[in-house]
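Architecture at a glance
Single-letter residue listing:
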Amino acid sequence: RKEVEQDPGPFNVPEGATVAFNCTYSNSASQSFFWYRQDCRKEPKLLMSVYSSGNEDGRFTAQLNRASQYISLLIRDSKLSDSATYLCVVNLAGQGNLIFGKGTKLSVKP
Amino acid sequence: NAGVTQTPKFRILKIGQSMTLQCAQDMNHNYMYWYRQDPGMGLKLIYYSVGAGITDKGEVPNGYNVSRSTTEDFPLRLELAAPSQTSVYFCASSLPPPGPNQPQHFGDGTRLSIL
């Protein structure tokens, strides 16, 4: 089983749609959780950290379920500019390196 | 705000050649990392460093070497380039250890082709 698994995608949605990405992680010692965004041929950039209580940043909502080892990202009212690949990322307790999922590509169409 | 700076941005090598990918950060981050990303794939950790003089292998270290003589610099060396090393290489840095308020900051990447 891969350490971090994501929906394979791609997701093709119209502007204004709500889209949800799912991610599961295999190591229960995972401590920190993130969603990164990567535009085509660009470097990954932090979109948001994921907290146990869930957190929201504008149109983006992240949820964490430690019991199920599951992370989600919800994008509401999607914009053309949201088109990118979304990477689920976890960090094990006490370790410096991050473990990246393969990413889910989102295309928002007019 | 320079952040993490990688050079070169693009490079084409012949099989068997060697080169060094440079990475520098000006944020006084202790932790630095090298990843490679193949087309359609996630990032894979090559090497990382938790401070000057300390380096450790990641998931895919074979064919690469690193050094960390200063906090700022973390060069990645390819000794005998092979076609399998054709990839995009990203350098990143963070405060120790990565946490909710301490994400990794990435450089722009180096696109390397081995022909």
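This report concerns the structure included in the present document. Throughout this description, residue numbers start from 1 for each chain and increase along the sequence as written. Here chains are named by letter from A upward and ligands by number from 1 upward, in the order in which they appear as written. Given that this is a predicted model, residues contribute local features only at a pLDDT of at least 70 and side-chain atom pairs are listed and counted only at 80 or more, while totals for whole chains, interfaces and linings are drawn from all residues. Calculated side-chain values reflect all of the structure's heavy atoms, with hydrogen atoms and water omitted.

Quick notes on the overall build of chain A
Note the threshold: Helix numbering and strand numbering both begin at the N terminus, where a helix is a DSSP run of H or I of at least 4 residues and a strand a DSSP run of E of at least 2. A radius of gyration in this sense is built from C-alpha atoms; the matching globule rule multiplies 2.2 Å by the number of residues raised to 0.38.
A count of helical and extended segments in chain A gives zero helices and eleven strands. Scanning chain A from its N terminus toward the C terminus, one meets helices and strands in the order β-β-β-β-β-β-β-β-β-β-β. A compact globule built from 110 residues would reach a C-alpha radius of gyration of about 13 Å, and chain A, at 13 Å, matches this within 12%. Its C-alpha atoms give chain A principal-axis dimensions of roughly 45 × 30 × 20 Å.

Topic: the interface of chain A and chain B
In many reports, interface size means the accessible area that the parts give up when they come together. Convention followed: Here, residues are in contact when the closest pair of their heavy atoms is within 4.5 Å. What counts as buried area is the accessible surface, traced by a 1.4 Å probe, that two parts surrender upon association, with contributions from both included.
With 20 residues of chain A in contact, the opposing surface of chain B contributes 21 residues. Here chain A meets chain B over a buried area of about 1700 Å², counting both sides, of which 58% is carbon and sulfur. When residues of the side of chain A that touches chain B are traced back to their parent elements, those giving at least two are strand E4 (30–38), strand E5 (44–50), strand E9 (84–92) and strand E10 (98–100) of chain A.

Some thoughts on the pattern of salt bridges
Where we set the bar: When a carboxyl oxygen of Asp or Glu is within 4 Å of a side-chain nitrogen of Lys or Arg, the pair counts as a salt bridge. Note on classification: 1.4 Å probe, protein chains only; a residue is buried when its accessible area is under 20% of the maximum for its type, exposed when over 50%, partly exposed between these limits.
The final tally for this structure, using the stated rule, is eight salt bridges over all chains. For Glu43 of chain A, the salt bridge is made with Lys45 of chain A, and the minimal N-O distance between the two is 4.0 Å. Looking at Glu43 of chain A, the relative accessible area reads 11%, which means it is buried. Close ionic contact of Arg36 of chain B with Asp38 of chain B constitutes a salt bridge, the shortest N to O distance being 2.9 Å. Residue classification places Asp38 of chain B among the partly exposed residues on the basis of a relative accessible area of 23%.

Examining the layout of surface pockets
To keep it simple, the criterion reads: The pocket and cavity definitions rest on a 1 Å grid over protein atoms only: a 1.4 Å probe that fits but cannot leave marks a cavity, an open set with protein on both sides within 12 Å along at least five of seven lines marks a pocket, and residues lining either have an atom within 4 Å of a point. Grid points are joined across faces, edges and corners, and a volume is the space filled by probe spheres set on the points. Amino acids are sorted into nonpolar (Ala, Val, Leu, Ile, Met, Phe, Trp, Tyr, Cys and Pro), charged (Asp, Glu, Lys and Arg) and polar (every other residue, Gly among them).
Considering only enclosed or pocket space, the largest pocket measures out at about 570 Å³ in volume. For the largest pocket, the lining is made up of 21 residues, of which Arg41 of chain A together with Gln37, Asp38, Pro39 and Gly40 of chain B are closest to its centre. The computed volume of the second largest pocket comes to approximately 370 Å³. Taken together, the elements giving at least two residues each to the lining of the second largest pocket come down to E10 of chain A together with strand E5 (43–51) of chain B. Partitioned by chemical class, the residues of the lining of the second largest pocket number eight nonpolar, four polar and five charged.

Concerning the sheet that holds strand E6 (residues 55–57) of chain A
Residue and element names in this part refer to chain A. Condition: Strand pairing follows a simple DSSP-based rule, namely that at least 2 bridges must link the two strands. An axis is simply a line fitted to the C-alpha atoms; with a helix, the fit covers only the stretch in contact. Between two such axes, the angle follows the N-to-C directions and lies from 0 to 180 degrees.
Spatially, five strands are ordered E1-E3-E8-E7-E6 in an open sheet, and the strand pairing comes out antiparallel. Of all strands in the sheet, those with a lone pairing partner are strand E1 (4–6) and E6, marking the two edges. Here the average twist between neighbouring strands, direction ignored, is 15°. Alignment of E1 against strand E3 (residues 19–25), held across three bridges, turns out to be antiparallel. What sits directly across from Val4, in E3, is Tyr25.

What to know about the nonpolar core
Threshold: Only buried residues count toward a nonpolar core, which is a set of Ala, Val, Leu, Ile, Met, Phe, Trp, Tyr and Cys residues joined through side-chain atoms within 4.5 Å.
Core analysis: the biggest nonpolar cluster contains 26 residues, and Phe21, Trp35, Ile71, Leu73, Ile75, Tyr86 and Leu106 of chain A have the highest contact counts within it. In terms of residues, this core owes the most to one element, E9 of chain A, which gives five residues. The next biggest cluster of nonpolar side chains, apart from the first, holds 19 residues, and it includes Leu13, Cys23, Met32 and Ile46 of chain B.

Points about the environment of Glu59 of chain B
All names here are of chain B. For Glu59, the position within the fold is in the loop between strand E6 (54–57) and strand E7 (64–66). The exposed category is assigned to Glu59, whose relative accessible area is 58%. Measuring from C-alpha to C-alpha, the distance between Glu59 and Ser69 comes to 22 Å, with ten residues separating the pair along the chain. Once residues within four sequence positions are removed from consideration, Glu59 is found in contact with Lys44 and Leu45.

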